[in-house]
Amino acid sequence: MNIVTVCGMGMGSSLVLKMAVDDILSSHGITANVEACDLGSLDGRAADLVITTDGLRSQVEPKGYKTIYVHNVIDKPAIEKELMAALGK
């Protein structure tokens, strides 16, 4: 499974999201390839799931990826809830 975390510039929130997702997946014994990138680098990526902030919804939604939109990149319990639901766990 390929998961891509995305932010506008690819330096801040995408890295925070990646670290949270790595920790969450590890705690559930789930293996996945998790990458962080900027919005411009998302096009053409093979991603089973994209995780980004609500502020980028209008730019990510048209790309057609299965996507989780988070409100707060440091709210790990909320991210975990959304991620596990998206993974069917």
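In case you missed it, the structure is sitting above this.
This structure is a prediction, so every number in the text was calculated from the model and none was measured.

Engineer: How should the pattern of salt bridges be read in this particular structure?
Structural biologist: Two side chains with opposite charge may pair up if their charged atoms get near one another. Applying the stated criterion across every chain, the model contains six salt bridges. For K18, the salt bridge goes to D22, with nearest N and O atoms at 2.6 Å. With K18 and D22 both in helix α1 (residues 13-27), this residue pair falls four residues apart, about one helical turn.

Engineer: Would you explain the environment of L25 in this entry?
Structural biologist: With respect to the secondary-structure elements, L25 resides in helix α1. Along the backbone, L25 and M84 are 59 residues apart, and their C-alpha atoms lie at a distance of 8.9 Å. Look past the residues within four positions of L25 in its chain and what remains in contact with it is I3, I30, A32, V34, L83, M84 and L87.

Engineer: Which parts of the structure should I look at to understand the packing of aromatic side chains?
Structural biologist: To describe a pair of aromatic rings, one takes the distance between the centres and the angle between the planes. Within this structure, the stated rule accounts for zero aromatic pairs. Its end group placed over the ring of Y69, R57 keeps NZ or CZ at 4.0 Å from the ring centre.

Engineer: Would you explain the packing of α1 against helix α3 (residues 76-86) in this entry?
Structural biologist: Packed helices, taken two at a time, are described by their axes: the angle between them and the distance between them. Running from N to C, α1 and α3 cross one another at 65°; their axes reach a closest spacing of 10 Å. For α1 against α3, the interelement crossing comes out right-handed. Of the residues in α3, those touching α1 at L17, A20, V21, D23, I24, L25 and S27 are K76, I79, E80, L83 and M84. Its residues assigned to classes, the contact of α1 with α3 comprises eight nonpolar, one polar and three charged.

Engineer: Help me understand the sheet that holds strand β1 (residues 2-7) in this model?
Structural biologist: What links the strands of a sheet is backbone hydrogen bonding, and the strands pair in either a parallel or an antiparallel sense. Spatially, β2-β1-β3-β4 is the arrangement adopted by the four strands of the open sheet, whose pairing is parallel. Every interior strand has two partners, whereas the edge strands, β2 (33-38) and β4 (67-70), have only one. Ignoring which end each strand starts from, the neighbouring axes of this sheet average 20° apart. Judged from the four bridges that link them, β1 and strand β3 (residues 49-53) form a sheet pairing that is parallel.

Here is what the cut-offs are and how they apply
Residues numbered from 1 in each chain as written. Predicted model: local features only at pLDDT ≥ 70, side-chain atom pairs only at ≥ 80, totals over all residues. Heavy atoms only, no water. Salt bridge = Lys/Arg side-chain N within 4 Å of Asp/Glu carboxyl O. Helix = DSSP H or I, 4+ residues; strand = E, 2+ residues; numbered from the N terminus. Contact = heavy atoms within 4.5 Å. Phe/Tyr/Trp six-rings, centres within 6.5 Å; stacked < 30°, edge-to-face > 60°. Lys NZ or Arg CZ within 6 Å of the ring centre and 35° of its normal. Axes fitted to C-alpha atoms, helices over the stretch in contact; angles between N-to-C directions. Left-handed = near helix turned anticlockwise from the far one by under 90°. Nonpolar A, V, L, I, M, F, W, Y, C, P; charged D, E, K, R; others polar. Pairing = 2+ DSSP bridges.

Keep in mind these values describe shape, not function.
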